[in-house]
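# Summary of the model geometry
Chain by chain, the residues run as shown.
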Amino acid sequence: TMQSLGMQVIRNIGRMTVRQAIELYASGGPEAIVGHAPPPQKIAVASHGNDLDAPIHGKDEPCTSFVLVDPQTMQFEVVQVEPADSPTQASVNAVRAAARAGADVVITSGLRPECCQALSTLAIAVAIAQEGTTVRDAIDQFRQGKLSPAP
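Notes on the structure follow. On a predicted model such as this, the values are computed, not experimentally measured, just so you know. (Residues numbered from 1 in each chain as written. Predicted model: local features only at pLDDT ≥ 70, side-chain atom pairs only at ≥ 80, totals over all residues. Heavy atoms only, no water.)

## Quick notes on the overall build of the protein chain
Spelled out, the test is: Secondary structure elements follow DSSP: runs of H or I of four or more residues count as helices, runs of E of two or more count as strands, with numbering from the N terminus. Here the term buried applies to any residue with accessible area under 20% of the maximum for its type, exposed to any over 50%, and partly exposed to those in between, with areas from a 1.4 Å probe on protein chains only. Any two residues having at least one pair of non-hydrogen atoms within 4.5 Å are treated as being in contact. Here the open area of atoms and residues is found with the Shrake-Rupley method and a 1.4 Å probe, where only the protein chains shown may cover a residue. Positive charge is attributed to Lys and Arg, negative charge to Asp and Glu, and no charge count is given to His or to the chain ends. One atom stands in for each charge, and that atom is NZ of Lys, CZ of Arg, CG of Asp or CD of Glu.
For the protein chain, the helix and strand inventory stands at four helices and six strands. When its helices and strands are written in sequence order, the protein chain yields α-β-β-β-α-β-α-β-α-β. Residues counted as buried form 36% of the 151 residues belonging to the protein chain. For the protein chain, the share of sequence-separated contacts (at least 6 apart) that also reach a separation of at least 24 residues comes to 45%. Element-wise, carbon and sulfur atoms account for 52% of the exposed surface of the protein chain, whose accessible area totals about 9200 Å². Of note, the protein chain has its 11 positive side-chain charges centred 6 Å away from the centre of its 15 negative side-chain charges.

Below is the structure:
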């Protein structure tokens, strides 16, 4: 229908925000969008530790850090979450830390509905893993499609 109205349709665009698509189109037309290679995916796993063998934090505990992983290479870095005086502020700080780190996905054992909404608004997917699962196992389960999306 859109094509019959003379509108150009660009398909199969992945991992790009609306802003990025508009900026790319404005700078180089449809070819710039189609030729765009998205950056490597980054997965932030809420954890108790600083490596791939660290366990995922408990769902009733505030998130104090993420292990940010490139699932293709398994290279990682640790992202600290700014401490807070209240559970609500701790949640805001965790969302902020994941977004600033460039995460495309957050894996956690559970999160507050408002955090899920904020992450969704930022185009960051959320997957739920069993409490105590290691970061490495959570990444493997995510790649295999075995983790549940956040409700």
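There's plenty left to go through after this.
## Things to note about the pairing of strand β5 (residues 125-128)
Let me state the cut-off plainly: Two strands qualify as a pair provided DSSP detects at least 2 bridges between them. A clockwise course of the path from the first strand over the helix to the second, judged with the strands pointing away from the viewer, identifies a crossover as right-handed.
Sheet topology note: the strand β4 (residues 105-108)/β5 ladder contains four bridges and is parallel. In the strand pairing of β5, Ile-107 is matched with Ala-127. In terms of handedness, the path from β4 via helix α3 (residues 113-121) over to β5 forms a crossover that is right-handed.

## As for the pattern of salt bridges
Note that side chains of opposite charge can pair when their charged atoms are close. Quick note on the threshold: The salt bridge criterion pairs a side-chain nitrogen of Lys or Arg with a carboxyl oxygen of Asp or Glu, the two atoms within 4 Å.
Taken as a whole and assessed by the stated rule, the structure comprises three salt bridges. For Glu-114, the salt bridge is made with Arg-112, and the minimal N-O distance between the two is 3.1 Å. For Glu-114, a relative accessible area of 44% gives the class partly exposed. Owing to a relative accessible area of 30%, Arg-112 belongs among the partly exposed residues under this scheme. For Asp-140, the salt bridge goes to Arg-143, with nearest N and O atoms at 2.8 Å. Taken as a pair, Asp-140 and Arg-143 lie in helix α4 (residues 135-143) at a separation of three residues, close to a single helical turn. In this structure Arg-143 comes out as partly exposed when scored by relative accessible area, which is 45%.

## Section: unusual backbone geometry
Phi is positive for Met-74, close to 65 degrees, though the residue is something other than glycine. Mapping Met-74 onto the fold places it in the loop between β2 (65-69) and β3 (76-80). The class for Met-74 is buried, based on a relative accessible area of 18%. For Ala-123, which is not a glycine, the phi torsion comes out positive at approximately 65 degrees. Judged by relative accessible area, Ala-123 falls into the exposed class, the value being 55%.

## Topic: the nonpolar core
Here is the rule: What we call a nonpolar core is a set of buried Ala, Val, Leu, Ile, Met, Phe, Trp, Tyr and Cys residues that are connected through their side-chain atoms within 4.5 Å.
One finds Phe-66 and Val-106 to be the most contacted residues of the largest nonpolar core, which totals 20 residues. Secondary structure elements with two or more residues in this core: β1 (43-46), β2, α2 (87-100) and α3. If one sorts the elements of this core by residue count, α2 sits on top with four residues. Once residues lying within four places of it in the same chain are set aside, the contact partners of Val-106 are Ala-44, Phe-66, Ala-98, Leu-119, Ile-124, Ala-125, Val-126 and Ala-127. By size, the runner-up hydrophobic cluster in this structure holds 16 residues, among which are Ile-43, Val-67, Met-74 and Ile-107.

## Description of the pairing of β1
Judged by which residues are buried, β1 turns out to be covered on both faces: Ile-43 and Val-45 on one side and Ala-44 and Ala-46 on the other are all buried. Pairing of β1 with β2, which is carried by four bridges, proceeds in the antiparallel orientation. The residue of β2 that forms the bridge with Ala-46 is Phe-66. Bridging between β1 and β4 involves three bridges; their strand directions are parallel. Counterpart to Ala-44 in the pairing with β4 is Val-106.

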